Amino acid sequence: MVDGVALARGVLVLMRMAVFGLTLGITLISFQAYRKRPSERLQYAFIGFAFISMAVAVSSLVTQLSAGETTAMVRTFFQLAETIPYIVGFSMLYVSLYR
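Presented here is a report on the structure given in the accompanying data block. (Residues numbered from 1 in each chain as written. Predicted model: local features only at pLDDT ≥ 70, side-chain atom pairs only at ≥ 80, totals over all residues. Heavy atoms only, no water.)

**Observations regarding helix α1 (residues 4–36)**
Step number 1: An ideal rise of 1.5 Å per residue puts 48 Å on 33 residues; α1 measures up with 48 Å between its terminal C-alpha atoms.
Step number 2: Among the residues making up α1, those that are buried are Thr 23, Thr 27 and Ser 30.
Step number 3: The secondary structure elements touched by the buried residues of α1 are α2 (40–65). (Helix = DSSP H or I, 4+ residues; strand = E, 2+ residues; numbered from the N terminus. Expected span 1.5 Å × (residues − 1). Buried < 20%, exposed > 50% of the residue type's maximum accessible area, 1.4 Å probe, protein only. Contact = heavy atoms within 4.5 Å.)

Laid out in structure tokens, this is it:
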């Protein structure tokens, strides 16, 4: 019999895979739009979505890696590595919308 924690973790993994798949889909659509009509705005949007996709993937990996016993310094490093791609991605989207 599967306990509740294992089931919840399995559902969480499936949900994170769905989020990653959606971000990859948005990245692919933005790349196709950029290829069809090359412009600086679409290029920045594509780069932004690519970094956000990378951040989602890193976020999933960080959660798995830091699930065990780690020091506060290692957890902080993981969180930093997770946050930087989000900052770059959303900055690129900001530039694409307001440039």
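**Some words on the side chain of Ser 30**
Step number 1: Of note, Ser 30 is situated in helix α1.
Step number 2: At a separation of 2.9 Å, a polar atom in the side chain of Ser 30 contacts the main-chain carbonyl oxygen of Thr 27.
Step number 3: The contact partners of Ser 30, leaving out residues within four places of it in the chain, are Ala 45, Phe 46 and Phe 49. (Polar contact = N/O pair within 3.5 Å; in protein donor to acceptor, adjacent residues only side chain to side chain.)

**Thoughts on a nonpolar patch on the surface**
Step number 1: A cluster of nonpolar residues, Leu 7, Val 11 and Met 15, forms a patch on the protein surface that exposes about 300 Å² of accessible area.
Step number 2: Assessed through its relative accessible area of 40%, Val 11 is described here as partly exposed. (Patch = residues over 30% accessible without salt bridge, like charges linked within 9 Å, V, L, I, M, F, W, Y side chains within 5 Å. Areas by Shrake-Rupley, 256 points an atom, 1.4 Å probe, with all protein chains shown as cover. Salt bridge = Lys/Arg side-chain N within 4 Å of Asp/Glu carboxyl O.)

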